[in-house]
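This is what each chain is made of:
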Amino acid sequence: MDPLIVIGTGLAGFNLVKEFRKLDKETPVIMLTADDGRNYSKPMLSAGFTKEKTADELAMATPEKTAEQFGVEIRTGVEVSAIDRETREVVLGEERLKFSRLVLAWGADVFRPPLEGDGLDRVYSVNDLMDYGRFREALDGCRKVLIIGGGLIGCEFANDLTNGGYQVELVEPEGRCLPLLIPEPCSEAVAGGLEEIGVRFHFGPLVKQVDQSGDGVVATLSDGSTVEADIVLSAVGLRPRIEMAREAGLEVNRGIVVDRMLRTSDPEIFALGDCSEVEGQVLPYVLPLMAAARALAKTLNGEETPVAYGVMPVTIKTPACPVVCYGPPRGVEGEWEYERDGRNIKALFRDREGNLRGYALTGEAVNEKMKLNKEMPPILE
Ligand SMILES: Cc1cc2nc3c(=O)[nH]c(=O)nc-3n(C[C@H](O)[C@H](O)[C@H](O)COP(=O)(O)OP(=O)(O)OC[C@H]3O[C@@H](n4cnc5c(N)ncnc54)[C@H](O)[C@@H]3O)c2cc1C
């Protein structure tokens, strides 16, 4: 029997295989990964300095151990270059592997801002454990870090690197931090908390150029100002990996389009995790991919099971000013209302009918999360 092939050994791939093996111990499973296949929890990558963990310490298991634990074959350091739907094969350079069913759990690519200059080899991004290991190594002897991007990953690293003793400057063109996740007063609270521990923000300009300067770099911003640093961390966002799926003729949009069974436009090919789009939603977080892994494991075992996403708020790891936020869904019209006590803000988003459709909590207000969750509609019932 041709194996079930899973491309990707991130949280999506490993959780799927873990759930699948609870139901089916027989079907041969091959996991393919371009990285080193170590099992780790990606959210820990932006808390590693606070917790003083090296890449090796964040790794929870070697691929050999995981392969044995789940009774699967894991092939590491192999890059899938194409999917041949006619012959039902994945293409690894010269080699081809037949599949009975295929699961795409190949995550998202780091978006690289168009930068000029001769200092680009000092610009890092962290989207997996190997990146994290390289970045930590490069930080050796550094004091000052410039972060490009003030979204979830940029703000978490700003807090984490500051906790690790680095001096952080952060450039965010949108004019405030976490612009896609929380409303303005909450952004101000988070920026205030981070500034208090030493983070310096440059809101408004883009980073245009990074040039070598002594042992470090100098970045030139679009307003003509400059920032000196020893090293740069680029955190401007992730894009679901859709190209290879598109080339294989699968339907793609922002992510790889799947139905509630996580099935792509090819009935034997499935997708979950950061690369997937379910009913128009790309949710690049751990809770949705775990729900998807549980549902898909059942579907692959013959029991068609639609994925359901409950109430899944996003917790942002900025202990200088904790944040929990949830929605509102795209396209819902309504207004924010605020209860504020310094940096403790409870922001509620109500739609035109007065229904609670989203919230953002900062500081001590995060304690209201459980209560609010009870009032919130699930993301996908
Ligand atoms: C720094 C950071 C902090 C985060 N913090 C949180 C948090 O606090 N809470 C939260 O809910 N979410 C958080 N997230 C998001 C969350 O970690 C991701 O949603 C989740 O880990 C994605 O898992 P994945 O398996 O879909 O993708 P990935 O972990 O990216 O795995 C993709 C896999 O596919 C493989 N692959 C890709 N292309 C190929 C190819 N062509 N051939 C072979 N293999 C390939 C890769 O090698 C890898 O094994 C964070 C993300 C980051 C980067």
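Residues numbered from 1 in each chain as written. Predicted model: local features only at pLDDT ≥ 70, side-chain atom pairs only at ≥ 80, totals over all residues. Heavy atoms only, no water.

Here's the deal with the overall build of the chain
Link 1 in the chain: The secondary structure content of the chain amounts to nine helices and 25 strands.
Link 2 in the chain: Here the C-alpha atoms of the chain give a radius of gyration of 22 Å, agreeing with the 21 Å that 2.2 N^0.38 yields for 381 residues.
Link 3 in the chain: The buried share among the 381 residues of the chain stands at 53%.
Link 4 in the chain: Looking at the chain alone, contacts between residues at least 24 apart form 60% of all its contacts between residues at least 6 apart.
Link 5 in the chain: Taken as a whole, the chain presents about 17,400 Å² of accessible surface, with 46% of it coming from carbon and sulfur.
Link 6 in the chain: Of the charged side chains in the chain, 43 are positive and 62 negative, and the gap between their average positions amounts to 4 Å. (Helix = DSSP H or I, 4+ residues; strand = E, 2+ residues; numbered from the N terminus. Rg over C-alpha atoms; globule rule 2.2 N^0.38 Å. Buried < 20%, exposed > 50% of the residue type's maximum accessible area, 1.4 Å probe, protein only. Contact = heavy atoms within 4.5 Å. Areas by Shrake-Rupley, 256 points an atom, 1.4 Å probe, with all protein chains shown as cover. Lys, Arg positive; Asp, Glu negative; His and termini not counted. Charge placed at Lys NZ, Arg CZ, Asp CG, Glu CD.)

Thoughts on the environment of alanine 308
Link 1 in the chain: In this structure, alanine 308 sits in the loop between helix 8 (286-300) and strand 21 (314-316).
Link 2 in the chain: The class for alanine 308 is partly exposed, based on a relative accessible area of 44%.
Link 3 in the chain: When the C-alpha positions of alanine 308 and proline 328 are compared, they lie 18 Å apart, and in sequence the two are 20 residues distant.
Link 4 in the chain: Ignoring sequence-local partners within four residues, the contact set of alanine 308 consists of Arg260, Ala291, Leu380 and Glu381.

Notes on the pairing of strand 1 (residues 4-7)
Link 1 in the chain: Going residue by residue along strand 1, you find Leu4 and Val6 tucked away on one face and Ile5 and Ile7 tucked away on the opposite face as well.
Link 2 in the chain: The sheet contact formed by strand 1 and strand 7 (residues 101-104) spans four bridges and is parallel. Residue isoleucine 5 lies in a different strand from strand 7, and its bridge partner there is leucine 102.
Link 3 in the chain: Taken together, the four bridges between strand 1 and strand 2 (residues 29-32) define a ladder with parallel strand orientation. Opposite leucine 4, over in strand 2, you have valine 29 as the bridge partner. (Pairing = 2+ DSSP bridges.)

Topic: helix 8
Link 1 in the chain: With 15 residues, helix 8 extends 21 Å from end C-alpha to end C-alpha; this agrees with the ideal 21 Å at 1.5 Å per step.
Link 2 in the chain: When helix 8 is considered as a whole, its buried residues turn out to be Pro288, Leu289, Ala291, Ala292, Ala293, Ala295, Leu296, Ala297, Thr299 and Leu300.
Link 3 in the chain: On its buried side, helix 8 packs onto strand 1, helix 1 (11-23), strand 7 and strand 19 (269-271).
Link 4 in the chain: At the exit of helix 8 stands glycine 302, carrying a positive phi of roughly 100°. (Expected span 1.5 Å × (residues − 1).)

Description of the site of the ligand
Link 1 in the chain: Close contacts around the ligand come from 33 residues, with Ala12, Val80, Asp274, Val286 and Lys317 the closest.
Link 2 in the chain: One nitrogen or oxygen atom from the main chain of leucine 11 is found 3.2 Å from an oxygen atom belonging to the ligand.
Link 3 in the chain: Within the side chain of threonine 33, a nitrogen or oxygen atom sits 2.9 Å from an oxygen atom of the ligand.
Link 4 in the chain: About the coverage of the ligand: the protein hides 92% of its 1,000 Å² of free accessible area.
Link 5 in the chain: When contributions to the shell around the ligand are tallied by element, the ones reaching two or more residues are helix 1, helix 5 (152-163) and helix 8.
Link 6 in the chain: At three residues, the largest contribution of residues to the shell around the ligand is made by helix 5.
Link 7 in the chain: The class makeup of the residues in the shell around the ligand is 18 nonpolar, eight polar and seven charged.
Link 8 in the chain: Residues lining the shell around the ligand come from more than one domain, with at least three contributed by each of domain 1 (4-109 + 238-300) and domain 2 (112-234). (Near = heavy atom within 4 Å. Polar contact = N/O pair within 3.5 Å; in protein donor to acceptor, adjacent residues only side chain to side chain. Nonpolar A, V, L, I, M, F, W, Y, C, P; charged D, E, K, R; others polar. Domains from an automatic or database assignment.)

Here we look at the pairing of strand 22 (residues 323-326)
Link 1 in the chain: Going residue by residue along strand 22, you find Val323 and Cys325 tucked away on one face and Val324 and Tyr326 tucked away on the opposite face as well.
Link 2 in the chain: Connecting strand 21 to the antiparallel partner strand 22 that follows it, the hairpin turn spans six residues.
Link 3 in the chain: As paired elements, strand 22 and strand 25 (residues 356-362) share four bridges and run antiparallel to each other. Counted as the bridge partner of valine 323 is threonine 362 from strand 25.

Thoughts on the packing of helix 1 against helix 8
Packed helix pairs are characterised by how far apart their axes lie and by the angle those axes make with each other.
Link 1 in the chain: Where helix 1 meets helix 8, the axes come as close as 8 Å, and the angle between the chain directions of the two elements is 35°. Seen from above, helix 1 lies across helix 8 with right-handed handedness. The residues of helix 8 that touch helix 1, namely those facing Leu11, Ala12, Asn15, Leu16, Glu19, Phe20 and Leu23, are Val286, Leu289, Met290, Ala293, Arg294, Leu296, Ala297, Lys298 and Leu300.
Link 2 in the chain: Of the residues assigned to the contact of helix 1 with helix 8, the class counts are twelve nonpolar, one polar and three charged. (Axes fitted to C-alpha atoms, helices over the stretch in contact; angles between N-to-C directions. Left-handed = near helix turned anticlockwise from the far one by under 90°.)

Some words on the domain arrangement of the chain
Link 1 in the chain: In terms of domains, the chain is made up of domain 1 (4-109 + 238-300), domain 2 (112-234) and domain 3 (322-375).
Link 2 in the chain: Inter-centroid distance (C-alpha atoms) of domain 2 to domain 3 is 28 Å.
Link 3 in the chain: Every contact between the two is made by twelve residues of domain 2 and, on the other side, eleven residues of domain 3.
Link 4 in the chain: Of the roughly 880 Å² buried where domain 2 meets domain 3, counting both sides, 73% is carbon and sulfur surface.
Link 5 in the chain: For the domain 2 face of the interface with domain 3, the top three residues by lost area are Pro183, Pro185 and Cys186, together amounting to 46%.
Link 6 in the chain: Across the domain 2-domain 3 interface, the total number found is one salt bridge.
Link 7 in the chain: Arginine 343 serves as the salt-bridge partner of glutamate 196, at 3.2 Å between the closest nitrogen and oxygen.
Link 8 in the chain: On the surface where domain 2 and domain 3 come into contact, there are two residue pairs in polar contact (both at pLDDT 80 or more). (Buried area = accessible area lost by both parts, 1.4 Å probe. Salt bridge = Lys/Arg side-chain N within 4 Å of Asp/Glu carboxyl O.)

Examining the sheet that holds strand 21
Link 1 in the chain: Reading across the sheet, the five strands line up as 21-22-25-24-23 and stay open at both edges, with antiparallel pairing between neighbours. The open sheet terminates on both sides in strands that have one partner only, identified here as strand 21 and strand 23 (334-341). On average, adjacent strands in this sheet sit at an angle of 15° to one another, irrespective of strand direction.
Link 2 in the chain: Both strand 24 (residues 344-351) and strand 25 contribute to a ladder of six bridges, which runs antiparallel. In the sheet register, lysine 346 faces strand 25, and the bridge partner there is leucine 361.

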